[in-house]
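Take a look at the letters that make up each chain.
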Amino acid sequence: MTCEVCGRAERERRLIRYSFSQGDHLTVVDHVPAEVCPNCGEVSLSPDVVERLQQTVWQQRAPARLIETPVYEFTS
Ligand SMILES: [Zn+2]
């Protein structure tokens, strides 16, 4: 499907790393199937993938692994 943000490229199916944060709590889900625009980088997830993602996180099972994440302040 043509990207509706830039209209210049066909979106490609890729497995991405999806991350979101609530306050200082960062959650990462690896290998999420998504459609990504190779031109502008717009990522779109299908409704069933979003639902599966929420289930995965809300079930709050032990994560597959833990990663250490440095946090930087943007400096201009
Ligand atoms: Zn695009």
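Residues numbered from 1 in each chain as written. Predicted model: local features only at pLDDT ≥ 70, side-chain atom pairs only at ≥ 80, totals over all residues.

Trainee: Go over the sheet that holds strand β3 (residues 43-44) with me, naming the residues and quoting the values.
Mentor: Taken in spatial order, the three strands make up an open sheet running β1-β2-β3, and their pairing is antiparallel. Each edge of the open sheet carries a strand with a single partner, namely β1 (12-22) and β3. In this sheet, strand β2 (residues 25-36) lies alongside β1 in antiparallel orientation, the contact comprising 10 bridges. Looking at β2, one finds that Glu12 is bridged to Val36. (Pairing = 2+ DSSP bridges. Helix = DSSP H or I, 4+ residues; strand = E, 2+ residues; numbered from the N terminus.)

Trainee: Outline helix α1 (residues 47-58), listing residues and values.
Mentor: For α1, with 12 residues, the first-to-last C-alpha span of 16 Å sits near the 16 Å given by 1.5 Å per residue. α1 sits mainly on the outside: zero of its 12 residues count as buried. With its phi angle positive at about 50 degrees, Gln60 sits one or two positions after the end of α1. (Expected span 1.5 Å × (residues − 1). Buried ≥ 20, exposed ≤ 12 C-beta atoms within 10 Å, placed from the backbone.)

Trainee: Explain the confidence of the model for the chain to me, using residue names and the numbers behind them.
Mentor: Taken residue by residue, the chain gives an average pLDDT of 92. The fraction at 70 or more is 100%. Per-element averaging of pLDDT across the chain places α1 at the bottom with 91 and β3 at the top with 94. (pLDDT = per-residue confidence, 0-100.)

Trainee: Before we move on, can you summarise the pairing of β1 with the specific residues and values?
Mentor: Looking along a regular strand, one sees side chains alternate from face to face of the sheet. Counting buried residues in β1 gives zero out of 11 residues, a small share hidden from the surface. Between β1 and β2, which pair antiparallel and follow one another directly, the connecting turn spans two residues, one of which, Gly23, has a positive phi of 60 degrees.

Trainee: I'd like to hear about the pairing of β2, residue by residue, with values.
Mentor: Inspection of the sheet shows β2 paired to β3 by two bridges, in the antiparallel sense. Residue pairing for β3: Val36 is matched across the bridge by Val43. The antiparallel pairing of β2 with β3 creates a hairpin that spans six residues between the two strands, and Gly41 there sits at a positive phi of about 85 degrees.

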